[in-house]
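For reference, the chains in residue letters:
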Amino acid sequence: ATGATKSQIISGCYERFVLGHEAAPSGSDDPDAAAAFSWTQRFAVKAHQGPVKCVKSKGGLIVSGGDDDCVRMYDLVNGKDLGTLVEHEGSVTCLDMYGPAGAARPTHLFSGGSDGLVNVWRVKDFKILSRLRGHKRGVKSLAVHQSGKLALSCDEDTNLCMWNLVKGRVSYKNKLGSALEEIALGRGHNRYLGRMRSELVVRDLEDPEVDSVLHPGQGKVLQSMCYPGSNYAYSGCADGTVQLWDLRTSARSHELKAHARRVKGIAVPMDLAGNESAGPSGFQNYFVSASSEGDLKIWDARMLSKDGEEAEPLGVRQLGVRLTCLCAKEGSVEGAAAEMEEEEDDESEKEDEEEMQRPAKRPA
């Protein structure tokens, strides 16, 4: 048996649903056999009035953005629908969340839209704190630095904006040669990975020497990517292949024919045992891929070979929908629940103190 724990994968689809599926080891009695996983649907919510454009999960909170200009929020801790945010005047195309180091629950939510806005929300009460205006056309993707002090966003005009979140303004704007479809910041450094139509770019915010381009191959069109760590990345292509990259050498480490059609999402579930840190290959052991045809597959990176031999997925689930986006649950739901209880206790104590400080009413 593998000892792997359960992990939840969140997906969105054209059919307007946000779906939650749990991957768990099915428990083979053969110690030499490859681990097998089974998929179980945990929830399905009709979240939007149009296709779901993006999903994000962190610390017990799930958020989704849709073609209906709305952000929807769900509480995994208590299984509650937290409502809708409606500050965008266009499709909500990208989302990210930030929480300080050591915190299980995020403190801030960021949403980007086709209206060119990047909105910043306080998670505690979902009050909008700032509307960041630096794009004249639609925002395609955004990423918040782990410090919480800066963020990156890219738009349809091929602009890349760096935001000073302390001052709430653009600190740097650069017009790129080609439009970035997606952007992600690495952990532990200031490097970012960008996905264009037919190449990945790796750049450093401080060191201009770090500037490499990764080519997926002749005629390949990139549809998705995942950047879970600092030195390794995944990309998904329109022909159904998934590629694994070693960013230290700018080389393609592995490629597998994962799906028959477009790979719309790749995620690395960090809460699976064996995924807490990278394995000998440099990659986390397990990753998940999703296609436009609606199939979810979980893979073991250790089973991939460089000689082109086809790997078999550890578990497959056909969802029967046209998937558009994918993410893995980040952070501890249990830790988020404990933080929420502490917040509620603090609020109760504050209310009790205020009540005690009020002057007593005189009898009539």
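The present account deals with the structure reproduced in this document.

What counts and how
Residues numbered from 1 in each chain as written. Predicted model: local features only at pLDDT ≥ 70, side-chain atom pairs only at ≥ 80, totals over all residues. Heavy atoms only, no water. Phe/Tyr/Trp six-rings, centres within 6.5 Å; stacked < 30°, edge-to-face > 60°. Helix = DSSP H or I, 4+ residues; strand = E, 2+ residues; numbered from the N terminus. Pairing = 2+ DSSP bridges. Axes fitted to C-alpha atoms, helices over the stretch in contact; angles between N-to-C directions. Disulfide = S-S within 2.5 Å.

Points about the packing of aromatic side chains
Item 1. What the rule picks out here adds up to 2 aromatic pairs.
Item 2. Ring centres 5.3 Å apart and planes at 65° place the aromatic pair F37 and Y286 in the edge-to-face group. Within this pair, whereas F37 is found in strand β3 (residues 37-46), its partner Y286 is found in strand β25 (residues 286-291), the two being separated by 249 residues in sequence.
Item 3. Seen in terms of ring centroids, Y234 and F287 are 5.0 Å apart; in terms of plane orientation they differ by 45°. Their pairing is tilted. Separated by 53 residues along the polypeptide, Y234 in strand β21 (residues 232-237) and F287 in strand β25 bring together distant segments of the chain.

Observations regarding the pairing of strand β15 (residues 169-175)
Item 1. Looking at chain direction, strand β14 (residues 159-164) and β15 are connected through 6 bridges and run antiparallel. Among the inter-strand pairings, N164 is bridged to a residue of β15, identified as R169.

A short note on the sheet that holds strand β10 (residues 117-122)
Item 1. As summarised here, the arrangement of the 4 strands in space is β8-β9-β10-β11, forming an open sheet in which the pairing is antiparallel. A single partner strand is all that each edge strand has here, and the edge strands are β8 (92-98) and β11 (127-133). Neighbour-to-neighbour, the strand axes of this sheet turn through a mean angle of 20°, independent of strand direction.
Item 2. By the bridge criterion, 6 bridges tie β8 to strand β9 (residues 108-113) in an arrangement that is antiparallel.

Quick notes on the sheet that holds strand β23 (residues 251-257)
Where strands meet in a sheet, backbone hydrogen bonds hold them as pairs that are either parallel or antiparallel.
Item 1. Strand order in the open sheet formed by 4 strands is β20-β21-β22-β23, and the pairing between neighbours is antiparallel. Two strands bound the open sheet, and with one partner strand each, they are β20 (222-226) and β23. Averaged over all neighbouring strand pairs, the angle between strand axes comes to 20°, with direction disregarded.
Item 2. Where β21 lies against strand β22 (residues 241-246), 5 bridges are found, and the strand directions are antiparallel. Along β22, the bridge assignment pairs A233 with W245.

Re the state of the cysteines
Item 1. For the structure on display, the rule yields 0 disulfides.
Item 2. C13 forms no disulfide, and the closest cysteine sulfur to it belongs to C325, at a distance of 8.3 Å.
Item 3. Looking at C161, it has no disulfide partner, and the nearest cysteine sulfur is the one in C154, 9.4 Å off.

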